[in-house]
Amino acid sequence: IATMSKNMKRVMEINDEVMRAIKSTDENEINKKLHVIVNETNKAATKAKTSIHMLKKENVRLEKEGLVRSSDLRIRENLYNATLNKFVDVTKKCKEAEEQYKINLKKKVSRNIRILIPDASDNDIDMIIKSGNCERENVYQQVILGNNASDVIR
């Protein structure tokens, strides 16, 4: 859970970096860093989920076999519940940080496209982004070759 929390903070920092990035090569490097962090976070989440599940199974086993006092069992249940709640909370925050990254990146790309193609509609911008042709250099090239948003989309 600590790794997930640390990585969530790193995603927030990367979010700031990508907003300040000027070159698409810088953006690509930042995206690679984000991909590594997301993979690391997913592995940590899987490990945490497994550990939490094992804790629950152990609590059930100890209760069935009567191997611990009821007060100790309550402590173990409280520990389980607190850990589960923390895991859920950190997982939500990680997803929010990743979602904010995506939103900010889309806003940045939209601004860049609107600078180059002032008459581009929101639909045109969405189509450019979905086409994967939204790197600044590609859009510049398309604007030079064709003067409107529909040419860039194709």
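This structure is a prediction, so every number in the text was calculated from the model and none was measured. (Residues numbered from 1 in each chain as written. Predicted model: local features only at pLDDT ≥ 70, side-chain atom pairs only at ≥ 80, totals over all residues. Heavy atoms only, no water.)

J.: Help me understand the overall build of the protein chain, please; the structure alone is not making it clear to me.
T.: A tally of regular secondary structure across the protein chain gives six helices and zero strands. Scanning the protein chain from its N terminus toward the C terminus, one meets helices and strands in the order α-α-α-α-α-α. Out of the 154 residues in the protein chain, the part that is buried amounts to 30%. Within the protein chain, contacts between residues separated by at least 24 positions form 64% of all contacts whose residues are at least 6 apart in sequence. Within the structure as shown, the protein chain displays about 10300 Å² of accessible surface, and the carbon and sulfur contribution to it stands at 54%. (Helix = DSSP H or I, 4+ residues; strand = E, 2+ residues; numbered from the N terminus. Buried < 20%, exposed > 50% of the residue type's maximum accessible area, 1.4 Å probe, protein only. Contact = heavy atoms within 4.5 Å. Areas by Shrake-Rupley, 256 points an atom, 1.4 Å probe, with all protein chains shown as cover.)

J.: Hey, could you run me through the nonpolar core in this one?
T.: Nonpolar side chains in soluble globular proteins tend to end up buried together. Within the largest apolar cluster, 21 residues are counted, with the highest numbers of intra-cluster contacts made by M4, I14, I30, L34, F87 and Y101. When residues of this core are traced back to their parent elements, those giving at least two are α1 (2-20), α2 (24-65) and α3 (70-116). Per-element tally for this core: the top contributor is α2, with nine residues. Not counting chain neighbours up to four residues away, the residues in contact with I30 comprise I14, E17, V18, A21 and Y101. (Core = buried A, V, L, I, M, F, W, Y, C linked by side-chain atoms within 4.5 Å.)

J.: Got a minute to help me understand the confidence of the model for the protein chain in this structure?
T.: Parts of the prediction with low pLDDT should not have their coordinates interpreted in detail. Predicted confidence across the protein chain gives a mean pLDDT of 83, with 85% of residues reaching 70 or more. Per-element confidence in the protein chain is highest for α2, whose mean pLDDT is 91, and lowest for helix α6 (residues 149-153), whose mean pLDDT is 49. (pLDDT = per-residue confidence, 0-100.)

J.: Before we go on, may I ask you to explain the packing of α2 against α3 in this structure?
T.: Think of two packed helices as two axes; the pair is described by the angle between the axes and how far apart they sit. At a minimum axis separation of 10 Å, α2 and α3 run at an interaxial angle of 160°. Our classification of the angle between α2 and α3 gives roughly antiparallel. Where α2 crosses over α3, the two elements pack in a sense that is left-handed. Partitioning the contact of α2 with α3 into residue classes produces 16 nonpolar, four polar and nine charged. (Axes fitted to C-alpha atoms, helices over the stretch in contact; angles between N-to-C directions. Parallel < 35°, antiparallel > 145°, perpendicular 65-115°, else oblique. Left-handed = near helix turned anticlockwise from the far one by under 90°. Nonpolar A, V, L, I, M, F, W, Y, C, P; charged D, E, K, R; others polar.)

J.: Explain the side chain of N59 here, please?
T.: When you line up the elements, N59 lands in helix α2. Residue N59 is classed as buried on the basis of its relative accessible area, which comes to 0%. Side chain to side chain, N59 and R76 meet in a polar contact 2.7 Å long. Ignoring anything within four residues of it in the chain, the contact list for N59 reads L73, R76, E77 and Y80. (Polar contact = N/O pair within 3.5 Å; in protein donor to acceptor, adjacent residues only side chain to side chain.)

J.: For this particular structure, what's the right way to read the environment of N59?
T.: As a C-alpha pair, N59 and L73 span 14 residues in sequence and 7.0 Å in three-dimensional space. Within the local environment of N59, its side chain forms a polar contact with the side chain of E77, the two groups lying 3.5 Å apart.

J.: What should I look at first to understand the side chain of N7 in this one?
T.: Summarising the element assignment, N7 is placed in helix α1. The residues contacting N7, other than those within four sequence positions of it, are I37, E40 and T41.

J.: Even after reading the chapter, I still don't get the packing of α3 against helix α4 (residues 122-131), so can you show me in this structure?
T.: Where α3 meets α4, the closest approach of the two axes is 10 Å, and the angle between their N-to-C directions is 115°. Considered as vectors, α3 and α4 are oriented roughly perpendicular to each other. Crossing of α3 against α4: the hand is right-handed. Here K106, V109, S110, I113 and R114 of α3 lie close against α4, whose contacting residues are D122, I125, D126, I128 and I129. A breakdown of the residues in the contact of α3 with α4 according to their chemical character gives five nonpolar, one polar and four charged.

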